Structure formats: structure tokens, C-alpha cells
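Tertiary structure, described
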Amino acid sequence: MPHRFKRRSGPTARALVASAAVVFTAAATAACGARAGEEAAAAESCLDTSGDTIKVGALNSLSGTMAISETTVRDSIYLAVEEINAAGGVLDKEIEIVAEDGASEPVVFAEKAEKLIREDCVAAVFGGWTSASRKAMLPVFEDNDSLLYYPVQYEGLEASENIFYTGATTNQQIIPALDYLAETGVESLYLVGSDYVFPRTANAIINAYAEAHGIEVLGEDYVTLGSTEFSTIVQQVNAAGADAVFNTLNGDSNVAFFREYTNVGLTPEDMPVMSVSIAEEEVGGIGIENIEGQLAAWNYYQTVESETNTAFVDAFKAEYGSERVTSDPMEAAYNSVHLWAATVEAAESFAVDDVQEAAGGIAFDGPEGTVVIDGDNNHVSKTARIGEISADGLLYTVWESEGPIEPDPFLDGYDWAADLKVTD
Amino acid sequence: MSKFLQSRLGAWTGFAAAAIGLFAVAPLIMSGFRLGLFAQFICYAIVAVGIGLAWGRGGMLTLGQGVYFGMGAYLMAMHLKMADAEFRNGPGAVPDFMELAGVRELPAYWVPFASPAFTVAAILVLPTAVAVLLGLAVFKRRVKGAYFAILSQALAGAFAIFLIGQQTLGGFNGLSYFRYFFGFAINDPVNQQMLYFIAAGVLLAVVAVSLQLRRSRYGELLVAVRDSEERVRFLGYDSANIKVVAYAVAALFASVAGALFVPVVGIISPASIGIVPSIMFILGVAIGGRGTLLGPVIGALAVAWAQTTLSEQFPSAWTYAQGLLFVVVIALLPGGISSIPALARRIRVKNRPEPVEATA
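Residues numbered from 1 in each chain as written. Chains lettered and ligands numbered in written order. Predicted model: local features only at pLDDT ≥ 70, side-chain atom pairs only at ≥ 80, totals over all residues. Heavy atoms only, no water.

Our next topic: the nonpolar core. Membership of the largest hydrophobic core comes to 194 residues, with the highest contact counts inside it found for A:Phe257, A:Trp340, B:Ile42 and B:Tyr196. The biggest single contributor to this core is helix α11 (residues 239-265) of chain B, with 18 residues. Counting contributing residues, this core receives three or more from each of domain 1 (1-30) and domain 2 (39-272) of chain B. Each residue touching A:Phe257, except ones within four places of it in the same chain, is listed here: A:Val192, A:Phe230, A:Val234, A:Val245, A:Leu249 and A:Val273. Counting 28 residues, the second-largest nonpolar core is a separate cluster that includes A:Tyr196, A:Ala208, A:Tyr209 and A:Ala244. (Core = buried A, V, L, I, M, F, W, Y, C linked by side-chain atoms within 4.5 Å. Buried < 20%, exposed > 50% of the residue type's maximum accessible area, 1.4 Å probe, protein only. Helix = DSSP H or I, 4+ residues; strand = E, 2+ residues; numbered from the N terminus. Domains from an automatic or database assignment. Contact = heavy atoms within 4.5 Å.)

What follows concerns the packing of helix α3 (residues 32-57) of chain B against helix α8 (residues 189-215) of chain B. Residues and elements named next belong to chain B. Between α3 and α8, the shortest axis-to-axis distance is 9 Å and the interhelical angle comes to 15°. By the angle between their axes, α3 is roughly parallel relative to α8. Of the two elements, α3 crosses α8, and the hand of that crossing is left-handed. Contacts from Leu35, Phe38, Ala39, Ile42, Ala45, Ile46, Val49, Leu53 and Arg57 of α3 reach α8 at Gln193, Tyr196, Ala199, Ala200, Val202, Leu203, Val206, Val207, Ser210, Leu213 and Arg214. Tallied by class, the residues present in the contact of α3 with α8 amount to 16 nonpolar, two polar and two charged. (Axes fitted to C-alpha atoms, helices over the stretch in contact; angles between N-to-C directions. Parallel < 35°, antiparallel > 145°, perpendicular 65-115°, else oblique. Left-handed = near helix turned anticlockwise from the far one by under 90°. Nonpolar A, V, L, I, M, F, W, Y, C, P; charged D, E, K, R; others polar.)

Let's shift gears to the side chain of B:Ser311. Relative to the helices and strands, B:Ser311 resides in helix α13 (residues 295-313). A relative accessible area of 9% means that B:Ser311 is categorised as buried. A polar contact is formed between the side chain of B:Ser311 and the backbone oxygen of B:Gln307, at a distance of 3.0 Å. Sequence-distant contacts of B:Ser311, defined by excluding residues within four places in its chain, comprise A:Glu100, A:Lys112, B:Ala306 and B:Trp318. (Polar contact = N/O pair within 3.5 Å; in protein donor to acceptor, adjacent residues only side chain to side chain.)

Before going further, it helps to spend a moment on the state of the cysteines. Residue and element names in this part refer to chain A. Counting across every chain of the model gives one disulfide over all chains. Disulfide partner of Cys46: Cys121, at an S-S distance of 2.0 Å. Measuring handedness by torsion sign, the sulfur bridge of Cys46 and Cys121 sits at about -105° and is left-handed. With a gap of 75 residues between them, Cys46 in the loop between α1 (10-29) and β1 (53-60) and Cys121 in the loop between α3 (106-118) and β3 (125-127) connect regions that are remote in the sequence. Residue classification places Cys46 among the partly exposed positions, given a relative accessible area of 32%. Given a relative accessible area of 17%, Cys121 falls into the buried group. (Disulfide = S-S within 2.5 Å.)

This paragraph deals with the domain arrangement of chain B. Residues and elements named next belong to chain B. Each assigned domain of chain B is listed with its residue range as follows: domain 1 (1-30) and domain 2 (39-272). The straight-line distance from the C-alpha centre of domain 1 to that of domain 2 is 27 Å. Counting residues at the interface gives 11 residues for domain 1 and 11 residues for domain 2. Both sides of the domain 1 and domain 2 interface together cover about 820 Å² of buried area, and 77% of this is carbon and sulfur. Three residues, Phe15, Leu22 and Phe23, lead the burial of domain 1 against domain 2; their summed loss comes to 67% of the area buried on that side. Connecting domain 1 to domain 2 are zero salt bridges. (Buried area = accessible area lost by both parts, 1.4 Å probe. Salt bridge = Lys/Arg side-chain N within 4 Å of Asp/Glu carboxyl O.)

On to the side chain of A:Thr326. All names here are of chain A. Mapped onto the elements of the fold, Thr326 is located in the loop between α11 (307-320) and α12 (328-347). At 2.9 Å, the side chain of Thr326 and the side chain of Tyr300 are in polar contact. Beyond its immediate sequence surroundings of up to four residues, Thr326 is in contact with Glu280, Tyr300, Gln302, Phe312, Val313 and Phe316.

All right, on to the sheet that holds strand β8 (residues 244-248) of chain A then. The strands making up a sheet are joined through hydrogen bonds of the backbone, oriented either antiparallel or parallel. All names here are of chain A. Here seven strands make up an open sheet; going across it, the order is β7-β6-β8-β9-β10-β13-β14 and the pairing mixed. A strand with exactly one partner marks an edge of an open sheet, and here the two such strands are β7 (216-223) and β14 (395-400). Taken over all neighbouring pairs, the strand axes of this sheet differ in orientation by 25° on average, direction set aside. Together, β6 (188-194), β8, β9 (273-275), β10 (295-298), β13 (385-389) and β14 form the strand contacts of helix α5 (residues 174-183), whose direction differs from that of β8 by roughly 170°. (Pairing = 2+ DSSP bridges.)

Here the focus is the pattern of salt bridges. Opposite charge on two side chains lets them pair, provided their charged atoms get close. Counted according to the given criterion, the structure contains 23 salt bridges over all chains. One salt bridge connects A:Arg200 with A:Asp195, and the closest N-O pair in it is separated by 2.8 Å. We classify A:Arg200 as partly exposed; its relative accessible area is 29%. Residue B:Lys81 is joined to B:Asp96 by a salt bridge in which the shortest nitrogen-to-oxygen separation is 3.0 Å. Taken together, the positions of B:Lys81 in helix α4 (residues 66-89) and B:Asp96 in helix α5 (residues 96-100) put the pair 15 residues apart, joining distant regions of the chain.

The next subject is the sheet that holds β3(A). Residues and elements named next belong to chain A. Taken in spatial order, the five strands of this open sheet run β2-β1-β3-β4-β5, and their pairing is parallel. The open sheet has two free edges, formed respectively by β2 (94-101) and β5 (163-165), since each of these has just one partner strand. Taking the axes of each pair of neighbouring strands and ignoring which way they run, one obtains an average angle of 25° across the sheet. Summarising the sheet, strand β4 (residues 148-150) and β5 pair through three bridges and their orientation is parallel.

If you want it as C-alpha cells, here you go:
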């Protein structure tokens, strides 16, 4: 069939030219937008405050690898909203939650955040967990001039007018943990972490701290997120014989690490491990026999003794079941909703500008103690606590800071951290 | 109807209708947010057109298109970060994420990406060249079928892991926070609409290129290689070269799609280019119908749209729906959505033998 091999180029070549022509015509007719350096047309908020209810967004991963952690945060956001509604709402309006699934994907977080702001017209969004998800959402909140309340401890070095950070920054978690280790006589450290921005930044801070305080860092190892192969690293840790291990591993890696750690016969008495990503939720998965007696650094534990915490834990268990535990990110998320409501009440407005202006100095008496928003960097003051993992799977405070620590995301107040700072 | 679509007039009418739909109707009926989402879906559809060519026509199950999508995306993202840094702190400035990671000196391989022309050339040339070299290495050795699929998927996984380890490429978090696109502010709604128009124009162009290739002598050879590679070789053709061309064109399309994805979505990270996203690309093509010209486009748009809509209505239910959809298509409709009309016609003809005799 020779005719079948004949070239028939006519119509498509022309179609190609035509489609190109259409693109350029469209490009020419559409008015050109702002160029670099010009102020873009400000996004108009579609927030509607005329009704009896006010919408807020809850954006957490309900599917994917982060779902197991982030659904607990969502539960405490709902709990806080219920409490506020039961007490009469915010500015006499009932809070209505619009929930979206971040699916553990930064791209989905950005997409859903924009949907919540532009289609659902929410007054504020609560959620996010990984730094990747926060970094993906940051331009969305800035460009649409909206508010995100981010509830997880993170690596610091960030401050946006449109994000309120209610988890710890480095000087409220990592530096107190180092202070504690130094106080107990630790003179050498081994660093183990997952390979992403939080452990790398944390270890940069630890190295600078160690140099200034005469602590020796004997090794620094990273594994890919989710890696479960630790025999080599644990052998190295064992051989190095450091006084303590600083652990910034995340997720499943902790299970494999602690199992291997116990297997080779290392104990908390020989070489304690200080972890910054292991909370009440994770202890069960790792296995209490592998981790009992090890240390963690957070701002809140379920066992914190205060009336507000007892009320919080009781309310949470009544709502979601007595077998559930409360953890630091859950508490920070719970605080974030109350802080937003308190700010709105003080501003007497839901408008973003008014909330931003009124936020500085707003305090909430939370389960961890009183937290106060710092108007300069939108972080909150927090009490640092070192906890020891006990046989019942809970963490008990063995050391706490004298009152709340002011947030210092860029570590301006620490001379030894000068080299870490961004130079303008 | 299908004869009409294959005719000259049909091709013209189809392109005109698609152009009117994309350039006139869509911006009228969609909000700025939905139009931005649609632009994102169009990027997936551009990748799908390439897969339709390599897999549907060439029989190469390209399970690793995330590699080329990622190359285009990271190349573009590097330029946008350089442009932002230059705008803030002057030429040669270090991008913001590197400052945070403590990098004070700009890595040498970043320097050329300050130039827009170099970046565009790299987006077009680099992934294509990689695909040609890889294709030659693989197809000359007659690696095919499941082995090729496994190889390409392993490549996508390895590329994502490689990127996670590169702190000067943003590591696990990837690159985000882009302010300007070739001198235009990305946060301006007018410019966002322009990005959509560019994406839509590129989609029309790649469909036209794909149509051209399908109708050419080369297209016939490609199908022949797919259906009986040995016979084509006996006829004196080098079947490896024929496959390399389709594979390289698919890589080029994926790279261009990735480059557009970055300003449209505002972030690129290893999570968007590894094994799972690569399978998502294939899924859209399979559901739409890999053998047809528009099947991959329709499939990619439909899957992306279904994912967004379903996850808004039923958060966390999408994963199950996706699996179910794939099983249903593979089991009941191997030709995809676009095979439904042909299937219906065959059933109709089977049920009515009499009219055929009457005309004879």
C-alpha cells in the first residue's frame, strides 16, 4: 500500500502556524501586567463578614505519608473551634471549618491554600506540617494577603507577615536542649538526622554552639527521609563513643534507628539520645522497650501539670477517646486557633490588616503555659521542656526553662550564631 | 464522523474549536484561581501528548517521564531564582534559599542560568540530548518491554533521590517562592492569565506536532516498530533510531511542560517528579486512551480535574477512586475513554447485519 506512506503535511503544518498565531495575538491583545519592581494589583479579599458564621480553613494531610501525624493536629483544631463556638464564637459569629486535604504534597498544599482563600473566602487557615508544605504555601498567603497559622516546631530563619508560627523556633527547642546536655556534663556529641532542611539547619546551629561551648562533635550523618537502614550508622555511633547523640531523624527512620541502637546494646545510661521529632504519638510505633529512658526536647507534654492542661487533655479524650494522647504540635495548633480568636476579638475585625496590627502582645493561657505573640516576627514565646520517655509511653518533664523564652527565629541574640545569620 | 475528524477540514475545525475553547471560553467561565489550576492541568496534558507518542504509537512504556519534567522544571526554577536574587541584591547574588542554608558563594553551575536565553535553550536541548543518549544506549541493545519500563521508572526514582541530596537545589523542599517570570511579576492576575495562555498555546502546538508525526511516513514506521519490530528490521530500517526519535520528542514535551509548571504552580520539589508523579502521568494517558491523538490530553485533564474535585468533596477518598479507575480501565476498557465511540460503533454494527446486505 504505497499511498499509505505518502506524506500528508498540509493541514497540520498550517494548524501549527495558526495556533502559534493565536498565541501571539492573545499575548498582544491581553493587557500586560506588572513588571518586575512594580506593585501588582492587590488581591481583593472576598471575606464575607455579614452572616452569622465566619469561615476558617483547616489544611492538613489526610492522605499520604504525613496523614498519621497531621490528622492529630486537625483533631485539636476542631476541638479548639468547638470550644470557641460553645463560648459564643468570635465577635458573636460561629466559626465554620472548611477542611481540605494537603495529601502530603507541597504542590497540593499550595493549590488547596489558594482554593481556601479565593474560593471559600476563609478568614484564616490553620495547618501545614513539613517545612516543604509551609514554603509552598508562603507565596500563596503573601500574594493573596491572607493568614496562615502554622503549628509545628521548625528550623527558624523565616518571618512572614502572613504566617503566625505557634510551634517552637530553634532558640525555644534546640538551644535549650543543648543547654541541658551541657549542664549534665556532655562534652561530645554525635549527630544523626534525615536529609532535609530542618536537620541540616539544626546541625549547623549545633556545630556553632558546640564550637563556642567546648563540646566536640564526633560525627554527623544523614539518611534519606524514610530510610530504615541503620546498621552502619549505629556502628559508627557506637565506635565514636560520644557522651550523647542528637537525633533529628523524622518518621519511620526513628523506628529502625532505635531498634538498631538497642540491638547493639547501647542504653540511655551509656549514651542518651536527645530527639526533637519524637512525641507521644511516635513512642508506641518505635516500641517502648527500645526507647524508654531516652530524652526529647519540646514545649509541651501530655503530662505537663497545670489546670489548663488537665482541662485540655480531658476535653480531648472525651471528644476522641480515652486511648488518644496529646502532643506538642497538637497543643500548638490548639493554641493557634485560640490566639487567632483572641486577636480578632482585640482587633474587633476579621480583616487581615487589622489582625496583623492587633497581633503583637496577644496572650493565651494554653496547656503549656502562657504564650504571647511577638509582633516583630509573628512567632510566640514558649516554655522549653526536656522530657524523659517513661515505661507508660508518656514523656515526663525533667527540666524546664525559667518561664517562656522569647522567640528569636534569626538567632540575633546569640553571638556564636553570627556566622549562621543571613548577611544583607 | 471519524472520517471527518481525519480529514483536512476536520483537523482545521478541531484546532479552531480547541483554540476558541482555550483562549476565549475558558477565561470567561473560570475564576482566576480555576484558570491557574487549569494551566497546571494543561502542563500534565503536554507531558501526556509525549507519552501518547512514545507509548501509544511507539510501544515504549515510559514510566519515568518525571525525569524530563523535572529537568525542565528545575532549569526554569534556577533561572527564576537567579532573576529574583539579581533583582533584590544585584548581579551574581545568591538566591534566598541558599543564603538560609549558609551558602555564601554562588555555585558555578548556577551562573549561566542568569541568562534567559541560555535557560530556554537548556530547557529545549538538555533533556532531549539526555533522552537521545539514553535511548541509543537502551534501544541499540534491544532492551524493551517490561525491562525498559522498569529501567525508566528506576531512573525517575534515582533522579528524585539525587535531587533530595542536592542542598544547592533546595533538597527535599525543592525550589519555591518565585517572584518574576522574565521580568513580569508572577503575583499579578493579568500575568497569571498570560501564563495560562502560553500553556494553552504550547498544548495546541505539541498536539499539532504529534499529529504531524503520526501522519508522516515516520509515524507509520513507528507503529510498525511497535507492532512488529523484527519485521521492520528485516526491511532494512534501524528500529532503534526510530524509537529514539519518539522517546526524545516525548522528553522534550515533558521538559517544556515542567518549565511551564514552575511559574504556574510556584514550586518544584522532588515530590513532583519521582516515581508516583511519573505513574500519574501514565495513568492519565491510559485512562484517556494511549493510541489516539487526543486521548492522552483528555485523560490527563480528566484525571487531574477529578483529583481536585473529588478531594475537595471527599478529602482522602481520592486515592481509592484513583486505584478503582485504573483497575476499571485496564480490565474493561483497555483502549481508554476515547475508545468508547469505536466500541459503541462495533456493537451497533454487530447487532444490525441486515442493512449491510441491503446496500450490497
